[in-house]
Structures are given as structure tokens and as C-alpha cells.
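Secondary and tertiary structure notes
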Amino acid sequence: MGRLVVIEGLDGAGKRTLAEALTKAWHDAGASVATLAFPRYGRSVHADLIHEALHRGHGDLGDSVYGMAMLYALDRRDAVEEIEAALKLHDVVLLDRYVASNSAYGAARLHQDAHGEFVRWVRELEIDRFGLPVPTVQLLFRVAPEVAAERAERRAATEEGRAKDAFESDDELQARCARVYDQLAAEAWLSPWRVLDGGTTHDAAELVRVLDLP
Ligand SMILES: Cc1cn([C@H]2C[C@H](O)[C@@H](COP(=O)(O)OP(=O)(O)O)O2)c(=O)[nH]c1=O
């Protein structure tokens, strides 16, 4: 059975780059890795609805924290079989965002912390009712919200057709989200966490230490 490794962090933290570096380091160490990013844009009707709500509105759907969180959760529920099959086939299944994203962003939108009703609801919905597999470890790629915002800005400017979405444009939301992430990691919410400093480059040696997972 493979290990389920999740990368979490703010928009613009550099999760994609970290995922690529980790995948390479695992391959170099002889491990097989499958990767999956949530939301599964272009691959799930729920993810496509999320994209439209974040970029184009859709009445007041985007304003509904619980409604949006339900769409993210349904996108993951539809992927349960895919994740379980990948865990049987590979040493590592690496996920770019997972259940904790829903907790952190939703709680931040509602001005709640990690002990609030919303985070409890996400866990009950996604883990208890939808039966999503619990991660082996969650990696918090931690950067200052201002740094993440700058990177998201640059990405929006350079990637054609990729305007900042509603969440990325809200600096205060990102700052609150960073605080909820810190709490989730400090309290080992759902599973153990490792906190990585996204402000420093991760060299191979450091990555190998990260690879020493439970
Ligand atoms: C996966 C997930 C993402 N989100 C938020 C975080 C991001 O701000 C936003 C989009 O996800 P993101 O992975 O950042 O997509 P993109 O690379 O296209 O920007 O959705 C949730 O609120 N809940 C979730 O479960």
C-alpha cells in the first residue's frame, strides 16, 4: 500500500514546484509516484463548476462557503476510487491540495479558526461520510502571505488566460487562511504534518529528509 502525501499551502506558495521536486527526488530514490491535483479542473463536472464560480460568478454560488466547500468535497469523493487504485499501484500518491484546503479556506472565509464548526463539518463530510482516505502525512508549504500574493500576481500576469480568482485576489482572506493552516499543522489535524519553509529553496538533501516519511 502506498503512502498518501498531501501538499498544502496558500495560492502562490509554490506547491506545484515542490510537487515536481519531490516527484523527481522519489523517482531518483527508486520509488514510483502518482500525482493528482485538486480541484480536478477539466476532469470533473464539480471542479468545472468551481472554476466558473471563482472566475465568473454564477449567481451567488461563489458567495456560499458551504456550497463551494460541498463542490470541492464532491470533486474529491468522485476521485476516491482513483486514489485507492493509485495507492495499490504506487509507493507514493502525491496530492496537490486535499481536505485541509477546504478547512483552511472555508474557515478563513467564515472568520473561524481551526476549532470552529466549519472545520468539524468538513472532516465529518469528507472523511466520515464520503470515506476519503486519511493522508499519511500533510506537508504545509509555508510562505508569508505577501510573498504568496506576489507570486500569484506574477503567475496571473504570465500565464495566458489565468486571471487571479476570487480567493487569490483577497489578501486578508489569504492571511486568515495562513493562520488556520498553522493551527491545523500545529495540532496534527487529521494526520501528522510537516511544515516546510517555502521561502528557502529545497535542495536535494533537504528533500531526502522530507522523504523520510512515517
Ligand atoms: C482543493 C480546494 C481548493 N480550495 C481553494 C484554494 C484555491 O484558492 C482555490 C483554487 O485551487 P487551486 O489549487 O489554487 O487552483 P488554481 O491552481 O487553478 O488556482 O480553491 C478550497 O477552498 N477548497 C478545496 O478543497
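Here's what I pulled together on the structure shown here. None of the values given here were measured: they were computed from a predicted structure.

**Quick notes on the site of the ligand**
- In the vicinity of the ligand there are 16 residues, among which Asp 11, Tyr 72, Arg 76, Arg 97 and Arg 162 approach most closely.
- Phe 38 places a main-chain nitrogen or oxygen 3.5 Å from an oxygen atom of the ligand.
- In the environment of the ligand, an oxygen atom lies 3.0 Å from a nitrogen or oxygen atom belonging to the side chain of Arg 97.
- Contact with the protein chains covers 90% of the free accessible surface of the ligand, which is 540 Å².
- Within the residue set of the shell around the ligand, elements represented by two or more residues are α3 (65–77) and α5 (99–109).
- If one sorts the elements of the shell around the ligand by residue count, α5 sits on top with three residues.

**Considerations on unusual backbone geometry**
- The omega torsion of the bond from Phe 38 to Pro 39 falls at 0°, within 30 degrees of zero and hence cis.
- Considering the arrangement of structural elements, one finds Pro 39 in the loop between β2 (33–37) and α2 (45–56).
- You will see that His 111, though not glycine, has its phi angle at about 60°, which is positive.
- When you line up the elements, His 111 lands in the loop between α5 and α6 (117–129).
- In this structure, Ala 188 takes a positive phi of about 50° despite not being glycine.
- As for its placement among the helices and strands, Ala 188 is situated in the loop between α8 (171–186) and β5 (193–197).

**Considerations on the environment of Leu 4**
- Mapped onto the fold, Leu 4 is located in strand β1 (residues 3–8).
- Sequence separation of Leu 4 and Ala 47 is 43 residues, and the distance between their C-alpha atoms is 21 Å.
- With residues near it in sequence (within four places) discarded, Leu 4 still touches Ile 83, Leu 87, Val 93, Leu 95, Tyr 98, Pro 133, Val 134, Pro 135, Thr 136 and Val 137.

Calculation criteria
Each residue is numbered by its place in its chain's sequence as written, counting from 1. The predicted origin of the model limits local features to residues at a pLDDT of at least 70 and limits the giving and counting of side-chain atom pairs to 80 or more, whereas totals for whole chains, interfaces and linings rest on all residues. Each side-chain value is worked out from all heavy atoms of the structure, with water and hydrogens disregarded. When we say a residue is near a molecule or strand, we mean one of its heavy atoms is within 4 Å of it. Polar contacts here mean pairs of N or O atoms no more than 3.5 Å apart (in protein, one a potential hydrogen donor and the other a potential acceptor; neighbouring residues in sequence count only if both atoms are side-chain atoms). Residue-level accessible areas treat just the shown protein chains as cover; the underlying method is Shrake-Rupley with a 1.4 Å probe. Working definition: helices are DSSP H or I runs of at least four residues, strands are E runs of at least two. Numbering for both runs from the N terminus. Any two residues having at least one pair of non-hydrogen atoms within 4.5 Å are treated as being in contact.

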